[in-house]
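Next come the chains, spelled out residue by residue.
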Amino acid sequence: MRKLSEQEIERIVSLLREGRPLPEDYKAILFDTRKEYELVYAGKEREEDILADTMAVPLQKVKTFRNGNSSNGWTNMLIFGDNLQVLKTLLQMKQEGKLKNADGTPGVRLVYIDPPFATKQEFRGSQDQKAYQDKIAGARFLEFLRKRLVFLRELLSEDGSIYVHLDWKKGHYVKVLMDEVFGEKNFQNEVTWYYPNKIPDKRKPMFTSAADMILFYAKNDGNQLFVPQYYAVPPHKRAREIKINGIKQSLKDEKGNVIHQVYDKRLVDCVWTIPSLAGTSGEQIGYPTQKPEALLDRIIKASSNPGDLVLDCFAGSGTTLAVAEKLGRRWIGVDCGKLAIYTMQKRLLNITESKDLEDPQKEKKYGKSCKPFTLYNAGLYDYKMIKELPFEQYRDFALKLFQCRDERHEIAKIELDGYLGADSVLVFNYQKHKNAVLDKGYIDDLHKYLGDRIGRRFFIIAPAASVQFLEDYIEKGKTKYFILRIPYSIIEEIHNRGFTKIKQPVSEMDVNDTVDAVGFDFIQVPTVECKYFIDDKKGQWELGRSSKECVIKIEKFESRVISRKPLEFANLETLSMVMLDYDFDGEVFDLDEVFYAEDLKKNDYEVRFAKDNVKGQIMIIYIDIFGNEKRETKTLADFNGKRKK
Ligand SMILES: C[S@@+](CC[C@H](N)C(=O)[O-])C[C@H]1O[C@@H](n2cnc3c(N)ncnc32)[C@H](O)[C@@H]1O
């Protein structure tokens with residue numbers, strides 16, 4: 001868009017004041033005029049609204065691993081939460097100058113995402129109804145992704161690139177959306193990732209799909225960083241290639257004779273032949289949609305420099321982060337699945353060949369463990385940790401949680417902390433007034449001082465436990481005094497839409513579901529009751545090889561969800577999965593095995609594992625579908641219960 005001069009702005013304003021029409025010429029400048037063509041579907045929002053209406057969620061530090069000196073004030077970030085809200089938070093960080101590449105350019109240099117493909121759906125009814133449902137799900141998926149793409153564009157540095165990994169079912173719709181969001185001229189290429197090891201699908205004899213597509217865009221065509229990639233041509237293929245492609249280079253030797261030298265390295269084209277991960281591959285960590293490191297190696301080397309920021313906000317098992325780490329890039333990873341988070345935590349901590357960021361020139365500086373990274377919660381918070389923060393940090397978190405501007409000001413000698421829209425906000429200092437409570441008398445007093453100097457709304461953020469009444473607001477004269485409670489979820493009058501909780505999978509099939517969570521919540525540790533005993537290994541008894549198994553029989557599992565409307569769940573209904581670390585070191589949970597609720601259900605909710613697996617103490621994490629955890633440690637001696645018949 002062309003910028004208007006001051007003169008023009010004045011002219012337009014005066015025309016508007018006089019109620020006169022604006023000249024046609026301004027149409028293209030003032031309005032986002034229609035594109036020549038675009039993808040139309042129900043529920044497509046304006047980009048401006050997406051950017052403005054998405055709420056940012058504060059990042060709560062959970063733990064920094066590999067404590068030590070992080071390079072120049074930066075520590076890599078692993079974030080648990082819905083990525084849309086997290087992207088808004090990251091965008092604020094970019095605007096505050098906190099996201100910079102190695103050369104100081106603001107933003108992230110490279111984004112790679114491998115979003116869920118939104119294919120699984122349950123249907124009842126006719127084929128027509130199914131087709132219709134499919135369309136609705138398709139439109140929803142596209143808008144889900146488009147919203148994230150809009151933020152990713154804003155987050156990229158001016159010379160950055162984005163790679164979006166898709167399959168043949170939805171890929172071409174997304175291409176059209178990417179053209180809209182990033183501009184068709186910034187489209188670089190469609191990479192075909194061909195995996196020759198795909199086993200032909202007998203149910204689909206017409207050309208088994210053995211490729212994914214990866215759409216590659218620059219933020220600004222011609223301005224992006226791109227390091228050409230080569231691959232080695234195996235010697236036995238060379239002769240043929242020369243014949244077909246004429247890949248020959250004429251050189252002169254010292255005596256001036258022409259010699260023909262064959263390239264043993266060739267520029268990588270847009271078809272990448274890289275096997276998909278086999279079950280037996282050393283890289284395999286058992287995460288359902290894990291991608292090979294070779295794929296990310298190529299992308300990261302092509303479109304970033306050592307020390308640059310690489311972002312993957314559908315991080316899954318952490319392939320992007322692990323490769324970025326090994327190549328000396330800095331990284332940010334986001335995922336809304338607990339399984340993904342623990343998988344990544346383990347994967348990163350087990351890296352032994354991380355490249356030294358301080359010395360990126362020395363290509364071969366391997367043999368190093370991964371650099372420090374911090375795990376954050378975004379949207380699902382630990383209230384105990386918040387309460388224990390020093391007041392200044394608590395205040396900062398509280399203001400961010402309710403999207404308030406941090407701006408101290410004074411009205412009638414009362415110190416206030418910020419604004420929500422145009423209205424003042426007070427963060428109740430429960431630490432200073434140890435015994436003070438926030439009751440109706442407190443509001444009366446405030447109103448005596450402030451009453452005629454404030455507008456229709458006034459906000460007080462306070463710990464729920466300090467508030468002595470149940471109403472969302474108290475009305476005094478023309479002003480409503482709203483109470484924003486921590487921990488609490490939502491006030492319908494000010495949050496213009498309902499919150500939806502983050503959702504955890506209950507089976508392996510669900511791991512790749514799209515999750516669209518809005519708002520924030522506080523961790524509520526579920527109630528878990530189990531019997532622990534030793535049993536003969538199932539199915540082995542008949543063979544006479546009676547090896548022993550530990551059994552955790554879950555008898556009771558209940559989530560405690562704070563909600564306006566009471567939510568009723570049956571026993572065990574909200575269980576998502578159980579994760580085990582067989583040799584817990586007393587500090588870091590190191591995921592060894594996961595049991596999905598749907599599998600446990602078929603097995604009477606018995607978690608069974610070989611007795612021999614247990615080394616010292618084990619850590620068990622029970623997770624509910626909202627992402628809440630209950631943790632416990634046990635030793636073999638605890639498995640002393642009796643099996644109930
Ligand atoms: C296809 S997997 C990514 C796999 C990854 N490329 C790898 O190599 O392991 C997609 C991931 O997106 C996550 N996801 C889905 N919706 C999300 C959301 N709204 N925010 C953050 N992560 C999300 C899922 O939990 C899943 O782990």
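### Some remarks on the site of the ligand
Working step 1: Neighbouring the ligand are 21 residues; Asn 83, Asp 114, Gly 316, Ser 317 and Thr 319 lie closest to it.
Working step 2: Classifying every residue of the shell around the ligand by side-chain character gives seven nonpolar, nine polar and five charged.

### Section: helix α12 (residues 391-401)
An α-helical turn contains 3.6 residues, so a residue and the one three or four places further along point in the same direction.
Working step 1: Among all positions of α12, only Tyr 394, Arg 395, Ala 398, Leu 399 and Leu 401 are buried. The arc that holds the buried residues of α12, viewed along the axis, is 160°, so those residues lie on one side. In α12, those exposed residues whose orientation departs by more than 90 degrees from the buried face are Glu 392 and Gln 393.
Working step 2: In this structure, the buried side of α12 is in contact with α11 (383-387), β16 (405-411), β17 (414-420), β18 (423-427), β19 (457-463) and β21 (479-486).
Working step 3: Once α12 ends, the next one or two residues include Gln 403, with phi positive near 60°.

### Overview of unusual backbone geometry
For residues other than glycine, phi is negative in most cases, and the peptide bonds are mostly trans.
Working step 1: With an omega dihedral of 0°, the bond running from Ile 486 to Pro 487 counts as a cis peptide bond.
Working step 2: The residue Pro 487 is located in the loop between β21 and β22 (521-522) in this model.
Working step 3: With a phi angle near 50°, Ala 412 is a residue other than glycine that sits in the positive phi range.
Working step 4: Mapping Ala 412 onto the fold places it in the loop between β16 and β17.
Working step 5: The class for Ala 412 is partly exposed, based on 13 C-beta atoms found within 10 Å.
Working step 6: Despite not being glycine, Lys 413 shows a phi value in the positive range, around 65°.

### Here we look at the packing of helix α9 (residues 319-326) against helix α10 (residues 338-349)
Working step 1: For the pair α9 and α10, the least separation of the axes is 10 Å and the interaxial angle reads 20°. Here α9 is positioned roughly parallel relative to α10, judged by the angle of their axes. As α9 runs across α10, the sense of the crossing is right-handed. Contacts between α9 and α10 involve Leu 321, Ala 322 and Glu 325 from the first element and Met 344, Arg 347 and Leu 348 from the second.
Working step 2: Looking at the contact of α9 with α10 residue by residue, the classes come out as four nonpolar, no polar and two charged.

### Considerations on the sheet that holds strand β26 (residues 593-596)
Working step 1: In space, the four strands of this open sheet follow the order β26-β25-β28-β29, with antiparallel pairing throughout. The open sheet has two edge strands, β26 and β29 (629-635), and neither has a second partner. Each strand of the sheet is rotated relative to its neighbour by a mean of 20°, with strand direction disregarded.
Working step 2: For strand β25 (residues 575-581) and β26, the ladder comprises four bridges, and the chain directions are antiparallel. The residue bridging Leu 580 from the neighbouring strand is Glu 593, located in β26.

### A closer look at the environment of Asn 512
Working step 1: On the secondary structure map, Asn 512 appears in the loop between β21 and β22.
Working step 2: Note on Asn 512: 20 C-beta atoms within 10 Å, which makes it buried.
Working step 3: Separated by 175 residues in the primary sequence, Asn 512 and Gly 337 place their C-alpha atoms 9.5 Å from one another.
Working step 4: Apart from residues lying up to four places away in sequence, Asn 512 is in contact with Pro 116, Pro 288 and Thr 289.

What counts as what
Residues numbered from 1 in each chain as written. Predicted model: local features only at pLDDT ≥ 70, side-chain atom pairs only at ≥ 80, totals over all residues. Near = placed C-beta within 6 Å. Nonpolar A, V, L, I, M, F, W, Y, C, P; charged D, E, K, R; others polar. Buried ≥ 20, exposed ≤ 12 C-beta atoms within 10 Å, placed from the backbone. Helix = DSSP H or I, 4+ residues; strand = E, 2+ residues; numbered from the N terminus. Arc of directions from axis to C-beta. Contact = placed C-beta atoms within 7 Å. Axes fitted to C-alpha atoms, helices over the stretch in contact; angles between N-to-C directions. Parallel < 35°, antiparallel > 145°, perpendicular 65-115°, else oblique. Left-handed = near helix turned anticlockwise from the far one by under 90°. Pairing = 2+ DSSP bridges.

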